[in-house]
Amino acid sequence: MSLIPTKAKEYKSDIKPIWCPGCGHYSVLNAITKAMLALQLEKRNVAIISGIGCSSRLPAYTDMYGFHGVHGRALPVATGLAVARPDLTVIAVGGDGDGFSIGGNHFLHACRRNVNFVYIAMDNEVYGMTKGQASPTSPANWDHSKLAPHGTQIKPFQPAAIALAAGASYVARGYSGNPNGMARMIAEAIEFPGFAFIQALSQCITFCPEQTEWKEVVRPFKDVTTNDPVIAAQRIHGDDGFSTGVIYNNPRSVWPVVNAADTGITAEDAFKNLGQEFQV
Amino acid sequence: MSNLRYQLIDVFLAHAVALERDAVEHLSEVAEMMAVHNNQPLYELFRELAGYGVKHAKEIEELAAEKDLPAFKPWEYEWLEDESPEVGDLTKLQYLMTPQQALKFALNCELNARAFYLDIASHAETEEIRMLATEFAEEESEHVRLLEERMGKLKEVGKDWGIDIDPPHLPE
């Protein structure tokens, strides 16, 4: 009997999402399951790791291995799992608050470390679970929260630009209004050797109803994917944040180095050494 | 695959089957959203609409049963827009939406499906595809008519419909 589902929905669990109707996260979940099916992945070979927040509920809604962890700490857990079990497909998911605020430091180091897993940041520019406070990616003049009645007046975090500057070798931006396109992106990211970052624009219609207008402004990047970081940086900085597509794709050596011919150290040895260093 | 849906019956039927299956999955998903958010009337409405989709999907699957349809990845289908026609605009949903709004949402899905089949019918390069696409478009037209009729019969919801005694926005 094949262990590979025949329908995308078979990658979902029986737990029904409690996201608001209209939330973009439904589409991201569908994009993930569609990508799984397209790649014919067995459920037992996939692990979804998350932190805390609306989007971080996602592992519970899948029928794959999952870990709903600590706020901002999805990436360290995913890193450890991907290093210990390189045979697994590891996907970290979470929101903009989780990933770029409390988890911001982990984001930088995941980008530069280049362990082989996918990180999907479901960016709705708001802390939804705690009832709508400004997040690192909220526009400076976003004034819906009583905590920031005149907006934060702070330039929003630029996830794609920071990922590129921190050394990520795969940087993409998708949109929940196009789950088929995002599914393709996720499938490509899973097959990419190394850390693959996807900023998923995912509207929060409850706290940011203006985001329903995103569908009017989101469009594909005009240019094809580049492997030149300078060109990629120019594209990101010359954009308003609503162009989608794979911006940068430039594989480099994955950590831990697995080619024993290069270093004499296998992944297994590297992991053993780490265990000795930390007396695990 | 460019334009093969106009040329090859198997490719066209693969699109039709995917369209109907996506419709059922999408409407079922929307029904569950409403159930989770305690909008029981709309849960029942979307379940009912998904049920019609199941019937339609079955009919098309039976039609295609003798054929070995090609398997496409979700992004390889050639729809008029990015998504399958009967996957509605998620941003039009909200947990306190009225039956009128729900039917309008469903109506847009049917109109999109009809537009897809009409496009096939007008560009079909074989008579078999043209005839089938025309037939499917007529079926979608019938769905449109039924939904419009139902919308016309709907009573206005009470003024308390939109009142949420536990709203998501909390005072800070």
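Computed from a predicted structure; not experimentally measured.

Helix and strand counts for chain B stand at five helices and zero strands. Its helices and strands taken in sequence order, chain B reads α-α-α-α-α from the N to the C terminus. Seen through its C-alpha atoms, chain B measures out along the principal axes to roughly 60 × 35 × 25 Å. With 172 residues in all, chain B has 35% of them scored as buried.

A low pLDDT score tells you not to read the predicted coordinates there in detail. All names here are of chain B. Per-chain confidence: chain B averages 92 in pLDDT, with 97% of residues scoring 70 or above. In the model of chain B, helix 1 (residues 4-7) stands out as the element of lowest mean pLDDT, 90, in contrast to helix 4 (residues 99-123), which has the highest, 96. Two summary scores accompany this predicted model of the complex, namely pTM at 0.92 and ipTM at 0.92.

In this section: the interface of chain B and chain A. Taken together, the 22 residues of chain B in the interface contact 26 residues of chain A. Along the lines of polarity and charge, the residues of the side of chain B that touches chain A split into 11 nonpolar, four polar and seven charged.

Turning our attention to the environment of Glu216 of chain A. Counting through the fold element by element, Glu216 of chain A comes out in helix 7 (residues 214-217). With 26 residues separating them in the primary sequence, Glu216 of chain A and Phe242 of chain A have C-alpha atoms 9.9 Å apart.

Before going further, it helps to examine the sheet that holds strand 1 (residues 46-50) of chain A. All names here are of chain A. Sheet architecture is open: eight strands sit in the order 2-1-3-4-8-7-10-9, paired in mixed fashion. The outermost strands of the open sheet, each flanked by one partner alone, are strand 2 (65-68) and strand 9 (219-220). Looking at chain direction, strand 7 (residues 170-175) and strand 10 (residues 243-249) are connected through four bridges and run antiparallel. Residue pairing across strands places Tyr170 opposite Asn249, the latter belonging to strand 10. Set on the sheet, helix 2 (residues 74-84) makes contact with strand 1, strand 2, strand 3 (89-95) and strand 4 (118-123); between it and strand 3 the angle comes to about 180°. Across the sheet, helix 8 (residues 229-237) touches strand 7 and strand 10, and the angle it forms with strand 10 is around 160°.

Attention now goes to the nonpolar core. Soluble globular proteins tend to bury their nonpolar side chains together. In this structure, Ile120, Val171 and Ile186 of chain A are the most contacted members of the largest nonpolar core, which totals 114 residues. The dominant element in this core, judged by the number of residues it contributes, is helix 2 (residues 9-36) of chain B, at 13 residues. In contact with Ile186 of chain A, other than residues within four places in its own chain, are Ala31, Ile32, Ala35, Val118, Ile120 and Ile198 of chain A.

Describing two packed helices takes the angle between their axes plus the distance from one axis to the other. Residue and element names in this part refer to chain A. Here helix 2 crosses helix 4 (residues 104-113) at 30°, and the two axes come no closer than 9 Å. It follows that helix 2 is roughly parallel to helix 4 by the angle criterion. Taken as a pair, helix 2 and helix 4 cross one another with a handedness that is left-handed. In this structure, helix 2 uses Leu75, Pro76 and Thr79 to contact helix 4, whose residues at the interface are His106, Phe107, Ala110 and Arg113. Taken together, the residues of the contact of helix 2 with helix 4 break down into four nonpolar, two polar and one charged.

Okay, unusual backbone geometry next. Among all residues save glycine, negative phi is the norm, and among peptide bonds the norm is trans. All names here are of chain A. Following Trp255, the chain continues to Pro256 via a peptide bond in cis, the omega torsion being -5°. Structurally, the position occupied by Pro256 is in the loop between strand 10 and helix 9 (260-263). Positive phi, close to 85°, is recorded for Lys131, a residue that is not glycine. In this structure, Lys131 sits in the loop between strand 5 (126-127) and strand 6 (133-134). According to the C-beta neighbour criterion, Lys131 is partly exposed, with 16 such atoms within 10 Å.

What follows deals with helix 2 of chain B. With 28 residues, helix 2 of chain B ought to run about 40 Å at 1.5 Å a step, and its terminal C-alpha atoms sit 41 Å apart, in line with that. Where helix 2 of chain B ends, the next residue or the one after it, Asn38 of chain B, has phi of about 60°, a positive value.

Criteria and thresholds
- Residues numbered from 1 in each chain as written.
- Chains lettered and ligands numbered in written order.
- Predicted model: local features only at pLDDT ≥ 70, side-chain atom pairs only at ≥ 80, totals over all residues.
- Helix = DSSP H or I, 4+ residues; strand = E, 2+ residues; numbered from the N terminus.
- Buried ≥ 20, exposed ≤ 12 C-beta atoms within 10 Å, placed from the backbone.
- pLDDT = per-residue confidence, 0-100.
- Contact = placed C-beta atoms within 7 Å.
- Nonpolar A, V, L, I, M, F, W, Y, C, P; charged D, E, K, R; others polar.
- Pairing = 2+ DSSP bridges.
- Axes fitted to C-alpha atoms, helices over the stretch in contact; angles between N-to-C directions.
- Core = buried A, V, L, I, M, F, W, Y, C linked by C-beta atoms within 7 Å.
- Parallel < 35°, antiparallel > 145°, perpendicular 65-115°, else oblique.
- Left-handed = near helix turned anticlockwise from the far one by under 90°.
- Expected span 1.5 Å × (residues − 1).

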